[in-house]
Amino acid sequence: MNNYTDILRQHHLKATPQRLEIANALHDNGHMTIEHLYEVMLKKFNSISLATIYKNINLMMENAFIQEVKIPNEKSVFELTKETHSHVICRQCHTIQDIVLDLSQTAQLASQTSHFKIDKADLVLSGLCQKCQEL
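Criteria and cut-off values
Residues numbered from 1 in each chain as written. Predicted model: local features only at pLDDT ≥ 70, side-chain atom pairs only at ≥ 80, totals over all residues. Heavy atoms only, no water. Axes fitted to C-alpha atoms, helices over the stretch in contact; angles between N-to-C directions. Helix = DSSP H or I, 4+ residues; strand = E, 2+ residues; numbered from the N terminus. Left-handed = near helix turned anticlockwise from the far one by under 90°. Contact = heavy atoms within 4.5 Å. Phe/Tyr/Trp six-rings, centres within 6.5 Å; stacked < 30°, edge-to-face > 60°. Buried < 20%, exposed > 50% of the residue type's maximum accessible area, 1.4 Å probe, protein only.

### Digging into the packing of helix 3 (residues 34–44) against helix 4 (residues 50–62)
Then step 1. Look at helix 3 against helix 4: their axes get within 10 Å of each other, and the N-to-C directions meet at 115°. The two elements helix 3 and helix 4 cross, and the hand of that crossing is right-handed. Residues Ile34, Leu37, Tyr38 and Met41 of helix 3 pack against Leu50, Ile53, Tyr54 and Ile57 of helix 4.

### Overview of the packing of aromatic side chains
Then step 1. Tallied over the entire structure, the rule returns 1 aromatic pair.
Then step 2. Measuring from centroid to centroid gives 6.2 Å for Tyr4 and Phe65, while their planes differ by 90°, and the two rings are edge-to-face. Taken together, the residues Tyr4 in the segment before helix 1 (5–10) and Phe65 in the loop between helix 4 and strand 1 (66–69) connect sequence positions 61 residues apart. Side by side, Tyr4 and Phe65 carry an identical accessibility label, which is buried.

### Considering the environment of Ala64
Then step 1. Considering the arrangement of structural elements, one finds Ala64 in the loop between helix 4 and strand 1.
Then step 2. Judged by relative accessible area, Ala64 falls into the partly exposed class, the value being 40%.
Then step 3. C-alpha separation for the pair Ala64 and Ser114, spaced 50 residues apart in sequence, amounts to 28 Å.
Then step 4. For Ala64, the residues in contact, after removing those within four places along its chain, are His11 and Thr81.

And the structure:
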């Protein structure tokens, strides 16, 4: 189990037992939907509400402690904030993995083409993971 007390404080968040457990759950599971996170949290805090989970998730996102990964045609998942990366998702088993890709040239080209000032580039690629390819 990791100690996220100092890291939460660095993000200007009080290190409550619920926030510490959210951090540990995301560390252990990588990417989690709100529903999955709620199931895990209920095991530790049997009276926690879904509203409490949403409130903490939103506050932790506002303070850049966690981030939302929006997956087309799927529910969003949440992860601990880390270095810039993209995601690959298996369309069969729904496994999500981080992948480090440099999107700076793509963002620059998009900016030139659209005349938008691009300030964020997210990429989610889908396909079949190695395990599902072998089935």
